[in-house]
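The residues making up each chain are set out below.
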Amino acid sequence: MKMKSYYMIDLWRNLSYWNKPLNKSTLEFKAIYDEALMKTEPWSKKRIILKGRSCDVLNNIEENSLDFVYIDADHTLKGIIIDLIKSWPRLKMMVISQVMIFVILFGSIKKTLSLH
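Residues numbered from 1 in each chain as written. Predicted model: local features only at pLDDT ≥ 70, side-chain atom pairs only at ≥ 80, totals over all residues. Heavy atoms only, no water.

Per-residue confidence for the protein averages 78 on the pLDDT scale, and 78% of its residues sit at or above 70. Within the protein, helix H1 (residues 26–39) carries the highest mean pLDDT (92), whereas helix H4 (residues 93–115) carries the lowest (48). Note on residues 104–116: pLDDT is under 50 here. Beyond four places in sequence and across chains, it has zero contacts. (pLDDT = per-residue confidence, 0-100. Helix = DSSP H or I, 4+ residues; strand = E, 2+ residues; numbered from the N terminus. Contact = heavy atoms within 4.5 Å.)

To continue, consider H1. Counted at 1.5 Å a residue, the expected span for H1 with its 14 residues is 20 Å, and the 20 Å between its end C-alpha atoms agrees. Looking only at H1, the buried set comprises Phe 29, Tyr 33 and Ala 36. Looking straight down H1, one finds its buried side chains confined to an arc of 60 degrees; they lie on one side. Exposed residues pointing more than 90 degrees away from the buried face of H1 are listed as Leu 27, Lys 30, Met 38 and Lys 39. Contacts from the buried residues of H1 go to strand S1 (6–10) and strand S2 (47–51). (Expected span 1.5 Å × (residues − 1). Buried < 20%, exposed > 50% of the residue type's maximum accessible area, 1.4 Å probe, protein only. Arc of directions from axis to C-beta.)

Encoded structure:
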């Protein structure tokens, strides 16, 4: 399958109320954003950038339209769950069944590895 487009979603800015290690200064976030653009430049014609919190900008993506979602969230369990809930309706139905299978398999593998 050839990728037609992809979304890059992030705040790329400092949040004064978010006291986490990855909450960088405005200057550092500018450098991170510039690096992300540089590294994805070969695919810039397919790139759609949505600046903002996932829960605010995911509504700009049509439901049942995505083949794949990579969730990095804000590196907290709460953030990951919120992003998962908000992005789930945007996944195509066929993808959802594949994701569920992966989660089940990955969960089993993870449990098996932690037993050793």
